[in-house]
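Understanding the architecture of this molecule
If you want the building blocks of each chain, they are given just below.
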Amino acid sequence: PHHTHTHTPSCCSLCIAVLETELFSSRQPDTRIKATFADPTGTHVLICIKTSNNYELQYIHSSWQKARTLGKLKGVAVTAVGWQKQLDSSSSSNGRSSNANDAEELLQVTTGDIILGSEGGALHTTCQDSRSKREGASSLLLDFKDKRKAICSVEQEVLPDGRRVAMLATPNAVYITVGGPGLQAVFSKFTNPSMWEPLFEVESPSMHSQLQLIRGSSLQSLPSRFAWLVGGVLLHGHLLLADMADDVSVSEGAEYVADMRQLALAGAQGSPEDEPHLMVRPVAILGL
């Protein structure tokens, strides 16, 4: 099934229809759409395509009639996208401080610096500008080099001072980190990916692991809660991003997490993957 994340399905559906038409007309054997990802406004769509022996990534802007192949990311089996929803201080025009209107206007024409999670457990970043005739830059952020750490969900938030908070879910763990400004600075401190300790883990992995951040009505507002659904358990808690946004002394992402709770879902039955899991490694600040 497609993994589509959008608040305006009509735009996303149009982009997918355009690409499906292109795939059909190309008559390439064994080519199919593996997953689709749309930003919260439905303006930008990324589509991962499985060919007979590789993976390709296509980008479509809602105003385009033709998709663009992102050759720099060929071979990356994208499984999750962390869209940029706020501007950082370097994105404001003419040195002016950014505001909600600036962010909405700029993020209508460019994706900003987004995070791509892969099936192989790697994180890449790319920025695509619909006004440019060329593919945007892409680079590797971090690579677990372990398919057991496939990236199921990834989110990012930009703090007022330009630092970024990144949060992601694998089949059996959730991670959070803070750093910057810029995504490279967020992840460069993990010279060995094993240095990044998970916020918490579960005993049994689930490829249906999903992470969601909850915010107010504005996309530029910082989320106040998060929830992680894995198997038959919902783990949720508070995010203190807005409360601690100006505290530059925060160096560990776990400091933004509070009041963590665990909820077993009724009726969770079926395969072992759907059975409730025991959280085996919470951080101390959760008080569990």
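Residues numbered from 1 in each chain as written. Predicted model: local features only at pLDDT ≥ 70, side-chain atom pairs only at ≥ 80, totals over all residues. Heavy atoms only, no water.

1. Description of the overall build of the protein
For the protein, the count of helices and strands is three helices and 16 strands. Across the 288 residues that make up the protein, the buried fraction comes to 48%. Contacts in the protein between residues at least 24 apart in sequence constitute 56% of all its contacts with a sequence separation of at least 6. (Helix = DSSP H or I, 4+ residues; strand = E, 2+ residues; numbered from the N terminus. Buried < 20%, exposed > 50% of the residue type's maximum accessible area, 1.4 Å probe, protein only. Contact = heavy atoms within 4.5 Å.)

2. A few points about the pairing of strand β11 (residues 173-179)
Burial of β11 is extensive: seven of the seven residues sit out of reach of the surface. What you see with β11 is no split at all: Ala173, Tyr175, Thr177 and Gly179 on one side and Val174, Ile176 and Val178 on the other are buried throughout.

3. A closer look at unusual backbone geometry
Omega for the bond connecting Gly180 with Pro181 falls within 30 degrees of zero, at 5°, which places this linkage in the cis form. The phi dihedral of Lys145 is positive, around 55°, even though this residue is not glycine. Even without being a glycine, Asp259 presents a positive backbone phi close to 55°. Of note, Asp259 is situated in strand β16 (residues 257-264).

4. Considerations on the pairing of strand β14 (residues 225-230)
Here strand β13 (residues 210-214) pairs with β14 via five bridges, running antiparallel. Looking at β14, one finds that Leu213 is bridged to Phe226. Connecting β14 to the next strand, strand β15 (residues 233-239), in antiparallel fashion are two residues, including Gly231 with a positive phi near 60°. (Pairing = 2+ DSSP bridges.)

5. Some words on empty space enclosed by the protein
Under the criterion given, the structure shown has one cavity of 30 Å³ or more. Of the voids in this model, the largest cavity is the one considered here, and its volume is about 40 Å³. Along its surface, the largest cavity is lined by Glu155, Gln156, Glu157, Val165, Ala166, Met167, Ile176, Leu213, Leu239 and Leu241. Secondary structure elements with two or more residues in the lining of the largest cavity: β9 (153-158) and β10 (164-169). For the lining of the largest cavity, a count of residues per class yields seven nonpolar, one polar and two charged. (1 Å grid on protein atoms, 1.4 Å probe; cavity = no way out; pocket = protein on both sides within 12 Å on 5 of 7 lines; lining within 4 Å. Points joined across faces, edges and corners; volume = space filled by probe spheres on them. Nonpolar A, V, L, I, M, F, W, Y, C, P; charged D, E, K, R; others polar.)

6. Thoughts on the sheet that holds strand β12 (residues 200-201)
Sheet architecture is open: four strands sit in the order β9-β10-β11-β12, paired in antiparallel fashion. Edge positions in the open sheet fall to β9 and β12, since each of these has one partner strand only. By the bridge criterion, six bridges tie β9 to β10 in an arrangement that is antiparallel. For Val154, the partnering residue across the bridge sits in β10 and is Leu168.

Nothing here speaks to function; it is geometry throughout.
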